[in-house]
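# A structural walkthrough
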Amino acid sequence: MTKAKTHVLAISAVSDGSKFWNGLKKAHGRLPPGAVWQLAVASTDGTRAVNVIAHDSADAVREFFETHAGAHATTEYFEADAANAVGLRR
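In short, a report on the structure.

What counts and what doesn't
Counting of residues starts from 1 at the beginning of each chain's written sequence and follows it residue by residue. Under the rules for a predicted model, residues below a pLDDT of 70 receive no local features and side-chain atom pairs below 80 are neither given nor counted, while totals for whole chains, interfaces and linings still include all residues. In computing side-chain properties, one takes all heavy atoms of the structure into account and sets aside hydrogens as well as water. Think of a nonpolar core as a cluster: buried Ala, Val, Leu, Ile, Met, Phe, Trp, Tyr and Cys residues, connected wherever their side-chain atoms sit within 4.5 Å. In this scheme, a residue with accessible area under 20% of its type's maximum is buried, one over 50% is exposed, and one in between is partly exposed, where area comes from a 1.4 Å probe on protein chains only. Numbering of helices and strands starts at the N terminus; helices are DSSP runs of H or I of at least 4 residues and strands are runs of E of at least 2. We call two residues in contact whenever any of their non-hydrogen atoms come within 4.5 Å of each other. Strand pairing requires that DSSP identify at least two bridges connecting the strands. Axis definition: a line fit to C-alpha positions, over the contact stretch in the case of helices; interaxial angles, taken between N-to-C directions, run 0 to 180 degrees. We count a salt bridge whenever a side-chain nitrogen from Lys or Arg sits within 4 Å of a carboxyl oxygen from Asp or Glu. The cut-offs work like this: below 35 degrees is roughly parallel, past 145 is roughly antiparallel, 65 to 115 is roughly perpendicular, and the gaps in between are oblique. Here a crossing is called left-handed whenever its near helix is offset anticlockwise from the far helix by less than a right angle, and right-handed whenever the offset is clockwise. Three classes are used: nonpolar for Ala, Val, Leu, Ile, Met, Phe, Trp, Tyr, Cys and Pro, charged for Asp, Glu, Lys and Arg, and polar for all others, with Gly counted as polar.

## Details of the nonpolar core
One finds Phe20, Leu24, Trp37, Phe65 and Tyr77 to be the most contacted residues of the largest nonpolar core, which totals 16 residues. Listing elements by their share of this core, those giving two or more residues are β1 (6–14), α1 (17–28), β3 (48–55), α2 (58–69) and β4 (73–79). Looking at which element gives the most residues to this core, the answer is α2, with five residues. With residues near it in sequence (within four places) discarded, Tyr77 still touches Val8, Leu9, Ala10, Val61, Arg62, Phe65 and Glu66.

Dropping the structure here:
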């Protein structure tokens, strides 16, 4: 039996919007096998970002995300409460 993917929230305080989003665009094209990027959205002023990625664990998302955009934001990673989520793809 395969393990269900964990939905991980990556909430970022962005220091360089252009470099951050360019890094994430590259990252999207290099997703690890089985990972699904479900949402990427920024605040209107570009200083905050929320990404939702389904993958094996929060640590796996952290490792991948930091490789591509870590130098341009401070990001916190949380496992989503999927049972109480509204609109989260399963």
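## Structural notes on the sheet that holds β3
If you walk across this open sheet you meet the four strands as β2-β3-β1-β4, and the pairing is antiparallel. Edge positions in the open sheet fall to β2 (36–42) and β4, since each of these has one partner strand only. The mean angle between the axes of side-by-side strands here comes to 15°, regardless of whether they run parallel or antiparallel. Across seven bridges, the pairing between β1 and β4 is antiparallel. Within the sheet, the bridge partner assigned to Ile11 lies in β4 and is Glu76.

## Looking at the pattern of salt bridges
Across all of its chains, the model carries two salt bridges by this definition. Among the salt bridges present, the one from Asp56 reaches Lys5, with a minimum N-O distance of 2.7 Å. Separated by 51 residues along the polypeptide, Asp56 in the loop between β3 and α2 and Lys5 in the segment before β1 bring together distant segments of the chain. Its relative accessible area of 37% is what places Asp56 among the partly exposed residues. We classify Lys5 as partly exposed; its relative accessible area is 34%. Arg62 is paired through a salt bridge with Asp59; the nearest N and O atoms lie 2.6 Å apart. With Arg62 and Asp59 both in helix α2, this residue pair falls three residues apart, about one helical turn. For Arg62, a relative accessible area of 32% translates into the label partly exposed. For Asp59, a relative accessible area of 53% corresponds to the exposed category.

## Quick notes on the packing of α1 against α2
The geometry of α1 relative to α2 is characterised by a closest axis approach of 8 Å and an angle of 125° between their N-to-C directions. Compared by their axis directions, α1 and α2 come out oblique. Judged by the twist between their axes, the crossing of α1 over α2 is right-handed. Along the contact surface, α1 presents Phe20, Gly23, Leu24 and Ala27, while α2 presents Phe64, Phe65, His68 and Ala69. Partitioning the contact of α1 with α2 into residue classes produces six nonpolar, two polar and no charged.

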